[in-house]
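Given next are the chains, with one letter for each unit.
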Amino acid sequence: MSYAITGLALLAAATLVNALLTVAVTKRWRAEMAAPAPAAAPQGPPVLAVREGDRAPAFTLHTARGEVGGSTLAGHAVLICFLRPDCGPTRESLPGIRRWAEENTPSGARLVAVVNGQPTDAGPLLEAVGPLTELTTTEPPNGPVAGAFGVRHHPSFVLLDAHGTVTGAGVGQGSLPAIDLLTA
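The structure displayed is predicted, hence computed values, not measured ones.

(A) View of unusual backbone geometry. Going from H154 to P155, the amide bond is cis rather than trans, its omega being -10°. Its place among the elements puts P155 in the loop between α4 (144-149) and β6 (156-160). For N142, which is not glycine, the phi dihedral falls at a positive 55°. Residue position: N142 is located in the loop between β5 (135-139) and α4.

Put into structure tokens, the structure is as follows:
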């Protein structure tokens with residue numbers, strides 16, 4: 001008889017645990033169903049936080065030669081390139097960046113390369129842009145400079161005039177026609 005009572009007690013305990021778990025799962029499911037749906041991803045191509053005609057946000061580059069502020073670049077046209085070492089479109093954009101630098105930096109324009117990633121991973125990319133500009137910096141994903149311009153995709157480009165006004169901005173290789181227009 002004691003085996004029967006022990007068995008019934010175990011069966012009752014298992015049934016109680018099952019009922020409690022069912023109640024917990026049901027409450028969680030109801031809470032999930034009542035929560036608002038997440039916002040849909042924006043339609044269309046990715047964009048930056050700056051647009052043509054905007055003033056450039058304040059930013060500071062931490063380069064090998066020291067800190068360089070956006071105000072230091074005033075008086076020069078500036079192409080800011082946001083690049084990522086493991087990005088195919090970044091590598092494909094390098095010839096256009098090189099062409100822009102070769103044709104515009106002799107007249108005073110400045111090229112800035114902001115590499116997203118660890119310095120140890122950025123070596124080959126820094127070697128590729130290093131001869132084009134001394135204004136290179138690496139920063140972690142969503143770093144301060146990328147954050148100021150709203151960069152979420154690579155490569156991204158921002159072209160500033162001598163007064164610090166955005167004259168062009170684009171995301172993706174070939175997205176900034178100004179690079180080709182300025183070198184034509």
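(B) View of the pairing of strand β1 (residues 60-63). Residues L61 and T63 line the buried face of β1, whereas the alternating positions T60 and H62 sit on a face that is not buried. As paired elements, β1 and strand β2 (residues 66-69) share four bridges and run antiparallel to each other. Residue pairing for β2: T63 is matched across the bridge by G66. Taking the residues that link successive antiparallel strands as the turn, the β1-β2 hairpin has two residues.

(C) Spotlight on the pairing of strand β3 (residues 78-83). For β3, a buried count of six out of six residues is recorded, marking the element as mostly surrounded by other parts of the structure. Sheet topology places β3 next to strand β4 (residues 110-116); six bridges connect them, and they run parallel. By the bridge assignment for β4, L79 is matched with L111. Considered for its hand, the β-α-β crossover made up of β3, helix α2 (residues 88-104) and β4 is right-handed. Bridge count for β3 against β6 is five bridges, and the pairing is antiparallel. Looking at β6, one finds that F82 is bridged to S156.

(D) Broad picture of the packing of aromatic side chains. Evaluation of the coordinates by the stated rule reveals two aromatic pairs. Ring geometry for F82 versus F149: centroids 5.6 Å apart, planes at 55°, classification tilted. With a gap of 67 residues between them, F82 in strand β3 and F149 in helix α4 connect regions that are remote in the sequence. Here F82 falls in the buried class, since its relative accessible area comes to 1%. F149 sits in the buried class, given a relative accessible area of 0%.

(E) Main features of the pattern of salt bridges. Applying the stated criterion across every chain yields a total of two salt bridges. For R84, the salt bridge identified is with D86, shortest N-O distance 2.6 Å. The exposure class of R84 is partly exposed, given its relative accessible area of 29%. You can call D86 exposed: its relative accessible area is 58%.

Calculation rules
- Residues numbered from 1 in each chain as written.
- Predicted model: local features only at pLDDT ≥ 70, side-chain atom pairs only at ≥ 80, totals over all residues.
- Heavy atoms only, no water.
- Helix = DSSP H or I, 4+ residues; strand = E, 2+ residues; numbered from the N terminus.
- Buried < 20%, exposed > 50% of the residue type's maximum accessible area, 1.4 Å probe, protein only.
- Pairing = 2+ DSSP bridges.
- Right-handed = clockwise from strand over helix to strand, strands pointing away.
- Phe/Tyr/Trp six-rings, centres within 6.5 Å; stacked < 30°, edge-to-face > 60°.
- Salt bridge = Lys/Arg side-chain N within 4 Å of Asp/Glu carboxyl O.

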